[in-house]
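# Structural features, examined
Residue-level listing of the chains:
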Amino acid sequence: MALKCGIVGLPNVGKSTLFNALTNAKALAANYPFATKDPNVGIITVPDQRLNKLAELVNPQKVLPTTVEIMDIAGLIKGASKGEGLGNQFLANIREVDAIVHVVRCFEDDNVVHVDGKIDPVNDKEVIDTELQLKDLELLEKRIEKLTRQAKNMDKALMHQLEFCKQLAAHIEQGQSARSFTVEEEDTDYFKEMYLLTGKPILYVCNVDEDSTTTGNSHTEALKGAVADENAQVILISAQIEADIAELETKEERKEFLDDMGLEEAGVDKLIRASYSLLDLITYFTAGEKEVRAWTIKTGTKAPQAAGVIHTDFEKGFIRAEVIKYADFVNFGSEAAVKEAGKLGVEGKEYTVGDGDVMHFRFNV
């Protein structure tokens, strides 16, 4: 499964600069609203040292990392929920993504005009929240009207859905996002089927100046305080630093640059790791002479469903999974050595795949 994230934010917060740096794409970055009129889509290769190590040991013909799809969505303004600016397009684009990466401006620069004339990340966040909440309320109101008509026959299931929608709408009317609404297990599927904009997992990216990349500043602290009750992740990235890194040609040059800046990792690594955590994703590997490859699945995925990520036939005809723990593969140096040591596990349909498992599936269709 390819993870799809949408980068959102007010105009001139650094969305396109960050997008360009992350994907090495050439999206237009300009100092005025609506520089990005259509969503630009880029593919980020997910950095994973485990994949590199397996490739080193197996020496395959190909190495295939997993990827993240990044969509740079046009800047939002007040009134987007009513179609102002590029609002309708923005809101349609954001509905397509798995997670929202909300870039918030947390730096001072007189040369970069803020759409509201002042640097206030909390207000910026609230502007976008409000527009998304208004759109969700519009959808819920239509659903409530329809359910009210249908529930006249006193159907218990429909009446339950009607009450659920009313409570959810009341929650959003109070200025809260759907993701903070308590959903009982019996209502989880129904809630997901609504595809509410404010129900999507969100990662806040504070776009900071170079001096604030590790310690943050007053703007980042204000934003963290504002989202403390959202169960959302907040990370600090300097879009300008990421742009500088993207210009470097080799891995060695990038590492030297990061060392000089006092940074342990590039922002792209930080963003991807946070996104995986946000969506509860893990990686397993397949390793052979033809290719060593990474695959993305949800935490808690059983072996047949993990096999289905490779091909539906693998899941349909699943017989068993041969599993090597990553640490054992590295420790013994090869699949043959792992087998000799008795460390290869043979697992059935109920096996829950672990992060880093090296797997080979047996199936019959």
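Residues numbered from 1 in each chain as written. Predicted model: local features only at pLDDT ≥ 70, side-chain atom pairs only at ≥ 80, totals over all residues. Heavy atoms only, no water.

Moving on to the state of the cysteines. Applying the stated criterion to the full structure yields 0 disulfides. Free of any disulfide, C106 has its nearest cysteine sulfur in C206, 3.9 Å distant. (Disulfide = S-S within 2.5 Å.)

Let us look at the pattern of salt bridges. The final tally for this structure, using the stated rule, is 18 salt bridges. Notably, a salt bridge pairs K325 with D357, separated by 2.9 Å at the nearest N-O pair. Of this pair, K325 sits in the loop between strand 10 (318-324) and helix 13 (326-332) while D357 sits in the loop between strand 11 (345-347) and strand 12 (358-363); the two residues are 32 residues apart in sequence, bridging distant segments of the chain. Note on K325: relative accessible area 38%, which makes it partly exposed. Connected through salt bridges with shared partners, the residues K4, E69 and E96 form a single ionic network. (Salt bridge = Lys/Arg side-chain N within 4 Å of Asp/Glu carboxyl O. Helix = DSSP H or I, 4+ residues; strand = E, 2+ residues; numbered from the N terminus. Buried < 20%, exposed > 50% of the residue type's maximum accessible area, 1.4 Å probe, protein only.)

This brings us to empty space enclosed by the protein. Following the criterion strictly, the structure yields 1 cavity of 30 Å³ or more and no others. Considered as a void within the structure, the largest cavity measures approximately 70 Å³ in volume. What lines the largest cavity is T213, L236, I237, S238, I241, E242, L263, E265, A266, G267 and K270. Put simply, the parts of the chain that give the lining of the largest cavity at least two residues each are strand 7 (233-237), helix 8 (239-246) and helix 10 (267-278). Split by residue class, the lining of the largest cavity holds 5 nonpolar, 3 polar and 3 charged. (1 Å grid on protein atoms, 1.4 Å probe; cavity = no way out; pocket = protein on both sides within 12 Å on 5 of 7 lines; lining within 4 Å. Points joined across faces, edges and corners; volume = space filled by probe spheres on them. Nonpolar A, V, L, I, M, F, W, Y, C, P; charged D, E, K, R; others polar.)

In this structure, the largest pocket encloses a volume near 1,200 Å³. Taken together, the elements giving at least two residues each to the lining of the largest pocket come down to helix 1 (15-23), strand 2 (40-45), helix 2 (49-58), helix 8, helix 9 (251-261), helix 10 and strand 8 (281-287). Looking at the lining of the largest pocket, its residues break down into 17 nonpolar, 7 polar and 13 charged. Its volume calculated, the second largest pocket comes out at about 940 Å³. Lining the second largest pocket are 30 residues, and of these K192, G199, K200, P201 and L279 sit closest to its centre. Per element, the largest residue contribution to the lining of the second largest pocket is 3 residues, and it comes from helix 6 (residues 188-193).

For the protein, the average pLDDT comes to 86, and 89% of its residues sit at 70 or higher. Counting interchain partners and residues more than four positions distant, the pLDDT-below-50 stretch residues 26-37 has 31 contacts. (pLDDT = per-residue confidence, 0-100. Contact = heavy atoms within 4.5 Å.)

Time to look at the packing of helix 1 against helix 8. Contact pair helix 1 / helix 8: the axes reach a minimum separation of 8 Å and the direction vectors enclose 30°. As far as their axial angle goes, helix 8 and helix 1 are roughly parallel. Once helix 1 is placed against helix 8, the crossing between them reads as left-handed. When helix 1 is examined against helix 8, the residues T17, L18 and A21 are found in contact with a partner set consisting of A239, E242, A243 and A246. Of the residues contributing to the contact of helix 1 with helix 8, the split by class is 5 nonpolar, 1 polar and 1 charged. (Axes fitted to C-alpha atoms, helices over the stretch in contact; angles between N-to-C directions. Parallel < 35°, antiparallel > 145°, perpendicular 65-115°, else oblique. Left-handed = near helix turned anticlockwise from the far one by under 90°.)

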